[in-house]
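Survey of secondary and tertiary structure
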Amino acid sequence: MPKDNGIGAATTRREDIRFLTGEGQYTDDINLTGQAHAVFARSDVANGVIKSIDTTAAMDMPGVLAVFTGEDFTEVGGNPAGWLINSRDGEPMKEPKRPVLAHGKVRHVGDAYAAVIAETKQQARDAVEALEVEIEELPAVIDMASAIGGGELVHDEIETNVCFDWGWIEDNRAATDEAIKNAPHVTTLELVNNRLVPNAMEPRASTADYNPGTDEYTLYTTSQNPHLTRLLISAFVLGIPENKLRVVAPDVGGGFGSKIYHYGEEALVLAAAKKLKRPVKWTASRTEAFLTDAHGRDHVTKIELACEKDGTFIAFRTETMANVGAYLSNFSTATPTFLHGTLMAGNYTVPNVYVNVKAVFTNTAPVDAYRGAGRPEATYSIERVIDMAARELGMDPIELRRKNFIKPDQYPFASAAGLEYDSGNYDAQMDKLEAMIDRDGFAARRAESEKNGKLRGLGVNAYIEACGIAPSNLVGVLGSRVGLYDAATVRVNATGNLSVMVGAHSHGQGHETAFPQVVADMLGIEAESIDIVHGDTAKIPFGMGTYGSRSLAVCGSAVVRATEKIIAKAKKIAAHMLEASDGDIELKDGQFSVAGTDKSVSFGEVALKAYIPHQFPIEDIEPGLEETAFYDPANFTYPSGAYACEVEVDPQTGKVTVDRFAAADDFGNIINPMIVTGQVHGGLAQGIGQALVENTTYDENGQLLSASYMDYCMPRADDLPFYQVDHSDGTPCTHNPLGVKGCGEAGAIGSPPTIINAVVDALQSGGHDVAHVDMPLTPSRVWTAMQG
Amino acid sequence: MYEFEMTRPTTIADAAKALGDEDAQALGGGQTLIPTLKQRLAMPSALVSLGAIPEMKGVCMSDAGEVCVGGATPHAVVAAEATAYPGLAGLAAHIGDPAVRNRGTVGGSLANNDPSACYPAAALASGATIVTNTREIAADDYFQGMFSTALEDGEIITEVRFPVPEVSHYEKFVQPASRFALVGVMVAKFADGVRVAVTGASEDGVYRWTEAEAALSASFSADALADLAVSGDGMISDLHGSGDYRAHLVKVMTGRAVAKAA
Ligand SMILES: Cc1cc2nc3c(=O)[nH]c(=O)nc-3n(C[C@H](O)[C@H](O)[C@H](O)COP(=O)(O)OP(=O)(O)OC[C@H]3O[C@@H](n4cnc5c(N)ncnc54)[C@H](O)[C@@H]3O)c2cc1C
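The model shown is predicted, which means the values in this text are computed figures rather than measured ones.

This next bit is on the sheet that holds strand β6 (residues 132-137) of chain A. Residues and elements named next belong to chain A. Ordered by their spatial adjacency, 3 strands build an open sheet running β4-β2-β6, and the pairing between neighbours is antiparallel. For this open sheet the edge positions go to β4 (105-106) and β6, each flanked by a neighbour on one side alone. For strand β2 (residues 48-54) and β4, the ladder comprises 2 bridges, and the chain directions are antiparallel. In the strand pairing of β4, G48 is matched with V106.

Our next topic: the UniProt feature "domain: FAD-binding PCMH-type" (unreviewed entry) in chain B. Following the UniProt record, one finds the feature "domain: FAD-binding PCMH-type" (unreviewed entry) at residues 1-167 of chain B. Helix and strand shares over residues 1-167 of chain B are 32% and 19% respectively, and the end C-alpha atoms of the span are 45 Å apart.

All names here are of chain A. Taken in spatial order, the 5 strands make up an open sheet running β7-β15-β14-β13-β8, and their pairing is mixed. Across the chains shown, the open sheet's two edge strands, defined by having one partner strand only, are β7 (162-168) and β8 (185-193). Ignoring strand direction, the axes of neighbouring strands in this sheet form an average angle of 10°. Two strands pair when backbone bridges link them, and strand β13 (residues 299-307) and strand β14 (residues 313-325) are joined in this way by 9 bridges, in the antiparallel orientation.

Residues and elements named next belong to chain A. Packing of helix α17 (residues 673-692) against helix α18 (residues 746-765) leaves a shortest axis separation of 7 Å and a crossing angle of 40°. Our classification of the angle between α17 and α18 gives oblique. Relative to α18, the crossing made by α17 is right-handed. The residues of α18 that touch α17, namely those facing V680, G683, L684, Q686, G687, I688, Q690, A691 and L692, are G747, A748, S751, P752, I755 and I756.

Here we take up the pattern of salt bridges. Residue and element names in this part refer to chain A. Taken as a whole, this structure holds 65 salt bridges over all chains when the rule is applied. Here D531 makes a salt bridge to R14, at a shortest N to O gap of 3.1 Å. With D531 in strand β21 (residues 530-533) and R14 in the segment before α1 (15-20), this residue pair connects regions lying 517 residues apart in the sequence. What makes D531 partly exposed here is its relative accessible area of 43%. When its relative accessible area of 28% is taken as the criterion, R14 is described as partly exposed.

Residue and element names in this part refer to chain B. The immediate surroundings of the ligand are formed by 29 residues, with A26, G29, T32, T105 and C118 found nearest. Interatomic distance of 2.5 Å between a side-chain N/O atom of T32 and an oxygen atom of the ligand. At 2.7 Å, a backbone N or O of L33 approaches an oxygen atom of the ligand. For the ligand, whose free accessible area comes to 960 Å², the fraction covered by protein is 90%. Those elements that provide at least two residues to the shell around the ligand are β2 (24-27) and α6 (106-112).

When we look at a pair of aromatic rings, we describe it by the centre distance and by the angle of the planes. Applying the stated rule across the entire model yields 27 aromatic pairs over all chains. Measuring from centroid to centroid gives 5.6 Å for W166 of chain A and W168 of chain A, while their planes differ by 5°, and the two rings are stacked. Residue W166 of chain A is classed as buried on the basis of its relative accessible area of 3%. Seen in terms of ring centroids, F313 of chain A and F316 of chain A are 5.7 Å apart; in terms of plane orientation they differ by 70°. Their pairing is edge-to-face. Residue F313 of chain A is classed as buried on the basis of its relative accessible area, which comes to 4%. Clustering of aromatic rings is evident, with ring pairs tying together F313, F316, Y348, F405, Y411 and Y426 of chain A. The lysine or arginine in question, R40 of chain B, covers the ring of Y2 of chain B, its NZ or CZ lying 4.4 Å from the ring centre.

Here is what the cut-offs are and how they apply
- Residues numbered from 1 in each chain as written.
- Chains lettered and ligands numbered in written order.
- Predicted model: local features only at pLDDT ≥ 70, side-chain atom pairs only at ≥ 80, totals over all residues.
- Heavy atoms only, no water.
- Pairing = 2+ DSSP bridges.
- Helix = DSSP H or I, 4+ residues; strand = E, 2+ residues; numbered from the N terminus.
- UniProt positions renumbered as here; feature names shortened; annotations may be inferred.
- Axes fitted to C-alpha atoms, helices over the stretch in contact; angles between N-to-C directions.
- Parallel < 35°, antiparallel > 145°, perpendicular 65-115°, else oblique.
- Left-handed = near helix turned anticlockwise from the far one by under 90°.
- Contact = heavy atoms within 4.5 Å.
- Salt bridge = Lys/Arg side-chain N within 4 Å of Asp/Glu carboxyl O.
- Buried < 20%, exposed > 50% of the residue type's maximum accessible area, 1.4 Å probe, protein only.
- Near = heavy atom within 4 Å.
- Polar contact = N/O pair within 3.5 Å; in protein donor to acceptor, adjacent residues only side chain to side chain.
- Areas by Shrake-Rupley, 256 points an atom, 1.4 Å probe, with all protein chains shown as cover.
- Phe/Tyr/Trp six-rings, centres within 6.5 Å; stacked < 30°, edge-to-face > 60°.
- Lys NZ or Arg CZ within 6 Å of the ring centre and 35° of its normal.

Now the structure itself:
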């Protein structure tokens, strides 16, 4: 049994008290003496030439302190892409500059071309309206296929709308083509992975402070990774020395990827604070969030699955167009490539995989990693085409998957898409799933639905993803411009409590509860005496932040390593105190004892000794008890799972109701099962949202039609069923010290194909010859599909 | 928002006087107007709140047996108190969410005449009378297309009188995001015939589906609609559904409303 607050305990989240009682401190809650307010002037056309911006009238408006335009930032750098992708022909990707403020051209609705700083937000807003701006509208580049064809350009200087044309693995292309040509059966499917607006509850916000006395800047900002933001601003954009820039990401109200990236607004408030020698604050409106947060997904894919007549998989081949929007956001080039193509073998022993991805610039908001990032797109393509193949071959969709699953004795398994999976047991998950969903009772439930005039469908899928991002050496070879380790400092205070400074950032993941459980378990002390410190570059070691379900697998491993160092040193101190040799010291339940004796000192006594080192062997041991570790993983981690759901379709209206949903996940070892369950629930809600309701629509002029909650539907509680979730008995990760795999994105990855598979099953059961419907499955789309 | 003055008169007469000013605008529950102001899409110089006028609030029965709702009565009050007219109470109970129902008013809804709003269907299907500070307007004359009504500038809806049908039901198929009506149909059966009002569907706003009225007046059952066809021409087409889809839903929702009418 787990200890009360140790590894495996379902400890309630200590941070929730603060959040639920309104005591959280978010960026917008921070108000500095003398602060001024920034408001941005944003383009209302998708593509246009900035002919002129006359700021004279705006400058004369009451309270106005400064006006910035793109002209003010021509001497500084652009916001870079973090990952270099080479095209199939060896050419590096096209990297047009992404300036702080648009200069020369505006490239999407919401693109900021000017900013006004005033005493109040209201005054700044009034002055933005007083800017005299002439923008000549150009035809908008929206549809990816036409954009690839040429014509109007998003970036004139690169002479194409194609950022790169990537092949994975290029050397396997010929063999895959050949295998498909000779295959007895090929199933082909074209599908759209719909664009999503992240919709974090807290909009982005940034407040900059500048101290002219020390030339130091502080940026309070909504970030998932303050050190990365600092690095980008320092090394690429503004050139502020890293040691002069402190980035603080306090409580952050959800990110889902959209707050990984550095945005121009952060640079603007820093530059303005320096110019005015006053703090400058900006908080996005919900409309700005819709128009300018980096969106997610937006792939158009053709996938082929070649197999034997008995269903043995021979090859997967895909051609994908991935929308990167108007500018390259920081991870936008990695998401459709190495976080997507490398997963294209799924959970299967398929021998041939070839993936082609063309990344396309369009006059839309930038697109980047969003909960799952590339893996949902891979899983969706694979699991939809398998379902379709099962139908074509007349096979049971579960049996077809089982037939091709990697078996437990095949690990480590080198997938045909280039990854080495370390552990898993997909058949065991599928066994569990069939029981959870009560597969045997499905026929009776279907009959019951039909009696009520409804169609019922059962959908299943299996997924694998790559988390614990990422081994720096490997990603370096693949084009990453950063390392992806993480770091932790464990500081034992003199009175025996602990501060653990971590590079990961918690914005909903529950780190403040889960990380102390790990340390408490290792030291045998109460978790309540351990606090996590995160989100402030002045306090924490250089870590890479939170995304890609990496926090526990990578930063948690750093915490383990640092705690191991603490234990080693504490044993030395204890040995001195107990007049024994450190090899004989054992740590159990917070007591250091000499093996085989009743002599012991408590953890607290050792801590006190470290800081009040009277009669201390300073020639052998330094005073103090504080250790730092950096951890760079040896491999990705590979969470996997099997999901199933049942839906009811109202054939008269096309409305889909999710009646039941079961998720059997393998996250390796579990530190806090309650937090894991919560993460799965949230992920499922997002995945079901993508599958059924979230409909990001640009018209042909590049206007975002779904730019408010009146048109953009978020999943609500009554859209969702009660979930059955099981993540017990996982197969531990073999290469990190906790054996954990990561659980933050799984739900969003595994659920969309489950839903679509179920809806197609329901429609087919009603005699409708519908092989596929593109997400989101709104009632009107389902009804339209049923009309043939 | 831009700056504006705000007054809270306590009589209809004072409110009418305040609204005589050209740039003044009435404020009901603010559920439509306040978001519009926040987006700076309107700039009235003064808002005249109707929320402090006792004679414009509450639900009562007229001597003629109509349910009379004060123009500034919030939806939640109608849902709870219009028990004499269950179809109307049920409609009010499913507008928006609790916050919207506690603020939004019947007068605001009818004055705004959003093509997807619910109350216009109730007023039209009931053959209601819209009472203003200057006159009485029959529902059949009141609705004049999307966001357009018979109201003059500054005219205040003080009360709405709903004749009570024998049986009625409002069936709403929600637009998933806003949860306004993608298509909503109010069916009301009176002694002298059936009235059917459709909201959410037409580019001309709320309308009466007269073919269905005739068929249902002859035989009040969903089957009576079987031979009727609804054309997608002139129906709203947007990212939530095509005109043909809405036309199809008009018939489905009407049938369901008839089946549930009580
Ligand atoms: C999230 C949300 C969901 C909603 N869902 C629905 C729904 O499902 N169905 C539905 O029908 N509605 C819905 N609504 C609309 C809401 O119910 C209100 O009816 C509507 O906003 C207008 O009423 P109000 O009292 O808020 O008017 P206000 O916003 O105050 O005013 C609207 C307009 O009417 C004018 N006005 C107000 N009162 C009067 C009056 N007595 N006489 C003359 N003119 C007046 C104002 O000057 C203004 O032009 C929703 C609104 C929101 C915000």
